[in-house]
Amino acid sequence: MADEALFLLLHNEMVAGLYRAAEQGEGENGRCTTKLESMGFRVGQGLIERFTKDTARFKDELDIMKFICKDFWTTVFKKQIDNLRTNHQGIYVLQDNKFRLLTQMSAGKQYLEHAPKYLAFTCGLIRGGLSNLGIKSIVTAEVSSMPACKFQLQLTSVMSMCRKMIRPARRYKDITKTLEEIGGCWILLVTTFV
């Protein structure tokens, strides 16, 4: 219980400190969100590396997302994600009805505008974890009523790109053309990482 309280206090102080510095002219508000997100990214990379060292390989994106929602979220926030939805085309929505980093704030509407700055670190945390598992992603968060929030993840892994290309192909000619596009996709990915 003590480690949870320390994490909440540290997170609140990181957010307050960065925004306080921005108000005093040492930075911009947009940069504060970016800085929090990049801090979360690095922490997410480290945590996933530690959590997955003794686990078996994941079969697909859905297995990775289930790991994030159950094991990763439980370790970091002491509860599982309440709801996971997908359109099976690389977009996932994670819903937490009682998000720990927002429960300390009042449930009133007046704090709704301040909620996004308390979610930037977690967006980076998710993005960093997925990055270490080989999936590039765009993570956004939205709060409609406190302390519930939704994280939308748009994944751009090789698997999802290939699935999007192969699904529409119906005839042999289309499949051959699609496979050529995938080959180009692979070449693009290899040259990007080399």
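In case you missed it, the structure is sitting above this.
Below: a short report on this structure. Owing to the predicted nature of the structure, the values given are computational and were not obtained by experimental measurement.

1. Points about the packing of aromatic side chains
Stage number 1. With the rule as written, the count across this model stands at 8 aromatic pairs.
Stage number 2. Considering the side-chain rings of F51 and F72, the 6.0 Å spacing of their centres and the 65° angle between planes classify their relative orientation as edge-to-face. Residue F51 is located in helix α2 (residues 29–51), and its partner F72 is located in helix α3 (residues 61–77); the two are separated by 21 residues in the primary sequence.
Stage number 3. A relative accessible area of 23% means that F51 is categorised as partly exposed.

2. Structural notes on the environment of M39
Stage number 1. By the secondary structure assignment, M39 is in helix α2.
Stage number 2. The class for M39 is partly exposed, based on a relative accessible area of 32%.
Stage number 3. Along the primary structure M39 and F121 are separated by 82 residues, whereas in three dimensions their C-alpha atoms are 6.6 Å apart.
Stage number 4. When residues no more than four places from it in sequence are discounted, the contact partners of M39 are M14, L18 and F121.

3. Here's the deal with the nonpolar core
Stage number 1. By size, the foremost hydrophobic cluster in this structure holds 42 residues, and its most contacted members are L94, F99, L102, L130, F151 and L153.
Stage number 2. Looking at this core, the elements that each hand over two or more residues are α1 (2–23), α2, α3, β2 (91–96), α4 (100–103), α5 (120–132) and β4 (149–155).
Stage number 3. For this core, the element with the highest residue contribution is α3, accounting for 9 residues.
Stage number 4. If we ignore the near neighbours within four places in the chain, the residues touching F151 are W73, Y92, V93, L94, F99, L119, T122, C123, I126, T140 and A141.

4. So, the packing of α3 against α5
Two numbers describe a pair of packed helices, the interaxial angle and the distance between the axes.
Stage number 1. Look at α3 against α5: their axes get within 12 Å of each other, and the N-to-C directions meet at 130°. It follows that α3 is oblique to α5 by the angle criterion. Like other packed secondary-structure pairs, α3 and α5 cross with a definite hand, here right-handed. Contact residues: α3 offers I64, M65, I68, F72, W73, V76 and F77, while α5 offers T122, L125, I126 and L130.
Stage number 2. For the contact of α3 with α5, a count of residues per class yields 10 nonpolar, 1 polar and no charged.

About the criteria used
- Residues numbered from 1 in each chain as written.
- Predicted model: local features only at pLDDT ≥ 70, side-chain atom pairs only at ≥ 80, totals over all residues.
- Heavy atoms only, no water.
- Phe/Tyr/Trp six-rings, centres within 6.5 Å; stacked < 30°, edge-to-face > 60°.
- Helix = DSSP H or I, 4+ residues; strand = E, 2+ residues; numbered from the N terminus.
- Buried < 20%, exposed > 50% of the residue type's maximum accessible area, 1.4 Å probe, protein only.
- Contact = heavy atoms within 4.5 Å.
- Core = buried A, V, L, I, M, F, W, Y, C linked by side-chain atoms within 4.5 Å.
- Axes fitted to C-alpha atoms, helices over the stretch in contact; angles between N-to-C directions.
- Parallel < 35°, antiparallel > 145°, perpendicular 65-115°, else oblique.
- Left-handed = near helix turned anticlockwise from the far one by under 90°.
- Nonpolar A, V, L, I, M, F, W, Y, C, P; charged D, E, K, R; others polar.

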